[in-house]
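Per-entry structural report
So you can see what is in the structure, the chains are spelled out below.
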Amino acid sequence: MKILRTVDDVRSFREGARGSVGLVPTMGALHAGHLSLVARARGENDRTFASIFVNPAQFGPNEDLAAYPRTPESDLRLLESLGVDAVWTPSPADVYPPGFQTFVNVDEVSAPLEGARRPGHFRGVATVVAKLFNVFRPDRAYFGQKDAQQVAVVRRMVADLSFPVDVVVCPIVREADGLALSSRNAYLSSDERRSAPVIFRALEAGRLAFEKGQRDANSLRRLVSEVLATEPLLEEDYVSIADPDTLAERTFAEGPTLLSLAARVGRTRLIDNVLLGGT
Ligand code: PAF
């Protein structure tokens, strides 16, 4: 597996890559969720590339950039064992050279939910993903459904700016007790870890009510909140019933609908979601 440092390194490696290219963008601290993206990319492309870059532009001033988990050696070992052809591990200056001042804003889709609580987050995500797409020129790029709003932002950007990339969205990978895999799970104490699966139980309660015919969005939101409230270590941030593409809140859960939530467990903020009524 080739380890690439600069934009020029990636460009010249890309020049020599024959056939279709799949890209798995990551911030490292890889877990089975990321590995499922790599496996899918390997199955669908002649060449699989990955990036590992903890992107400062998507962290707010009060967020955990310095503390974000970094496990570069095991990440590289894992990617190599899965047959990845090349990994870009740039420095911040490779991605944001001196004088950098060009950003991508996906206005409306970035505004609610995570965007409202993390100002600038999706501007950072869209900018770095646009840069990755320009540098790698992948045929397909792989993202996890866990970050549902990120998926909506990237899809909108790809459509609006006509990037010739297929955005492939892979299912959420969960622990046996339902907790969605996330690099942030590493921050949970053992008590917090025991509490966190209530998030999955709350989403499941919403999903079951939807499957039994409940379509009133307020009733679904209330039901999910009630299940979250059974766990004293957890504090709800939001429960949303929204259009999966625009993230506009729904009055009725008609057509494909995204049930998503965010909650704090101690100092760790977790997000999760389930798609209702379609894929
Ligand atoms: O989902 C992530 O890990 C990041 O937001 C991404 C897509 C790699 C951009 O930094």
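For the structure itself, look to the data block above.
First, a word on what this report is: a plain description of the structure on this page. (Residues numbered from 1 in each chain as written. Predicted model: local features only at pLDDT ≥ 70, side-chain atom pairs only at ≥ 80, totals over all residues. Heavy atoms only, no water.)

**Some details on the sheet that holds strand β7 (residues 234–242)**
An order of β7-β8-β9 is seen for the 3 strands of this open sheet, with the pairing classed as antiparallel. The sheet is open, and its two borders are formed by β7 and β9 (268–276), each paired with just one other strand. Neighbouring strand axes in the sheet, compared pairwise and without regard to direction, differ in orientation by 15° on average. In this structure, β7 lies alongside strand β8 (residues 257–265), joined through 8 bridges in antiparallel fashion. Bridged to Tyr238 within β8 is Ala262. Strands in contact with helix α11 (residues 217–228) are β7 and β8; relative to β7, the strand with the most contacts, it is inclined by about 160°. (Pairing = 2+ DSSP bridges. Helix = DSSP H or I, 4+ residues; strand = E, 2+ residues; numbered from the N terminus. Axes fitted to C-alpha atoms, helices over the stretch in contact; angles between N-to-C directions. Contact = heavy atoms within 4.5 Å.)

**Topic: helix α8 (residues 148–161)**
The end-to-end C-alpha separation of α8 is 20 Å, in line with the 20 Å expected for 14 residues at 1.5 Å each. Among all positions in α8, only Ala148, Gln149, Gln150, Val151, Ala152, Val153, Val154, Met157 and Val158 are buried. At the exit of α8 stands Ser162, carrying a positive phi of roughly 55°. (Expected span 1.5 Å × (residues − 1). Buried < 20%, exposed > 50% of the residue type's maximum accessible area, 1.4 Å probe, protein only.)

**Here's the deal with the sheet that holds strand β3 (residues 47–52)**
One open sheet accounts for 6 strands, arranged β1-β4-β3-β2-β5-β6; its pairing is parallel. Looking at which strands have only one partner, the edges of the open sheet turn out to be β1 (2–4) and β6 (166–170). Each strand of the sheet is rotated relative to its neighbour by a mean of 25°, with strand direction disregarded. Taken together, the 3 bridges between β3 and strand β4 (residues 86–88) define a ladder with parallel strand orientation. Across the sheet, Ala50 pairs through a bridge with Val87, a residue of β4. Packing against the sheet, helix α1 (residues 7–16) makes contact with β1, β2 (21–26), β3 and β4, and its axis sits at approximately 140° to β1.

**A word on the pairing of β9**
Regular strands place side chains that alternate from one sheet face to the opposite one. Judged by how many residues are buried, β9 sits mostly within the fold: 8 of 9 residues are covered. Sheet topology note: the β8/β9 ladder contains 9 bridges and is antiparallel. Along β9, the bridge assignment pairs Ser260 with Asn273. If you look at the hairpin formed by β8 and β9, you'll find 2 residues sitting between the two strands, and Gly266 has a positive phi there, around 60°.

**Observations regarding the pairing of β3**
Here β3 lies mainly inside the structure; 5 of its 6 residues are buried. As defined by bridge partners, β2 adjoins β3 across 6 bridges and the pair is classed as parallel. Bridged to Leu23 within β3 is Phe49. Following the backbone out of β2, through helix α2 (residues 32–44) and into the adjacent parallel β3, one traces a crossover that is right-handed. Taken together, β3, helix α3 (residues 72–81) and β4 constitute a β-α-β crossover, and its handedness is right-handed. (Right-handed = clockwise from strand over helix to strand, strands pointing away.)

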